[in-house]
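Examining the three-dimensional arrangement
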Amino acid sequence: MGIKKLTKRQEYSREYWQRDEVKKRKAEQNFTKYNTDPKYKKRQNKSNKDYYEKHKDSLIKNQIKYNQNHADERKEYTRKYYLLNKEKLKKRQKKYYRENKDQYKGYTKKKN
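Anyway, here's the lowdown on the structure attached to this text.

Thresholds applied
- Residues numbered from 1 in each chain as written.
- Predicted model: local features only at pLDDT ≥ 70, side-chain atom pairs only at ≥ 80, totals over all residues.
- Heavy atoms only, no water.
- Helix = DSSP H or I, 4+ residues; strand = E, 2+ residues; numbered from the N terminus.
- Rg over C-alpha atoms; globule rule 2.2 N^0.38 Å.
- Areas by Shrake-Rupley, 256 points an atom, 1.4 Å probe, with all protein chains shown as cover.
- Lys, Arg positive; Asp, Glu negative; His and termini not counted.
- Charge placed at Lys NZ, Arg CZ, Asp CG, Glu CD.
- Phe/Tyr/Trp six-rings, centres within 6.5 Å; stacked < 30°, edge-to-face > 60°.
- Salt bridge = Lys/Arg side-chain N within 4 Å of Asp/Glu carboxyl O.
- Buried < 20%, exposed > 50% of the residue type's maximum accessible area, 1.4 Å probe, protein only.
- Patch = residues over 30% accessible without salt bridge, like charges linked within 9 Å, V, L, I, M, F, W, Y side chains within 5 Å.

**Some thoughts on the overall build of the chain**
A count of helices and strands for the chain gives seven helices and zero strands. The order of helices and strands in the chain, counted from the N terminus, is α-α-α-α-α-α-α. Its C-alpha atoms give the chain a radius of gyration of 26 Å, more than 25% over the compact-globule value 13 Å for 112 residues. Each principal axis of the C-alpha distribution contributes one length, and for the chain these read about 90 × 35 × 35 Å. Accessible surface, the chain as shown: approximately 12000 Å² in total, 52% of it carbon and sulfur. If the 38 positive side-chain charges of the chain are averaged to one point and the 15 negative ones to another, these points end up 5 Å apart.

**Section: the packing of aromatic side chains**
Applying the stated criterion across every chain, the model contains five aromatic pairs. Ring-pair connections join several aromatic residues into one group, and the members of that group are Y12, Y16 and W17.

**Regarding the pattern of salt bridges**
Tallying each qualifying case throughout the model produces three salt bridges. Between K46 and D50 there is a salt bridge, and its shortest N-O distance comes to 3.3 Å. Here K46 pairs with D50, and both are found in helix α3 (residues 38-54), just four residues apart, close to one helical turn. Among the ionic pairs, R79 bridges to E76, the shortest N-O distance being 3.1 Å. Residue R79 and its partner E76 are located together in helix α5 (residues 71-84), separated by three residues, close to a single helical turn. On the basis of relative accessible area, E76 is assigned to the partly exposed category, the value being 34%.

**A look at a nonpolar patch on the surface**
Taken together, the side chains of Y51, Y52, L59, I60 and I64 present a nonpolar region at the surface, about 440 Å² in accessible area. At the level of secondary structure, the elements contributing two or more residues to the nonpolar patch comprise α3 and α4 (56-69). Looking at the nonpolar patch, the element that brings in the most residues is α4, giving three residues. Summarising the element assignment, L59 is placed in helix α4.

Structure, rendered in structure tokens:
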């Protein structure tokens, strides 16, 4: 059993689908086709949920391993994100505390 030689048509087809502009156009077509289809979204969500339930332990284990291996990068990213969005984060925190005053009443200092 030798290697099967491709016909000219098969070679052209393979070369055609490897072009960047063709890949991009096909990706856009798929996105518009499937992004707007509610049946597809529902089916995809169900499939993702089933997959997660089936492989939950291994996915969590892999994520923990990844987080441990990239702890320094994550710390640096968090620091940069905080520095860039400091004001926005403070506003959001104030708004949250204002909306949930009852929950935090015990933590505030009492003035005499």
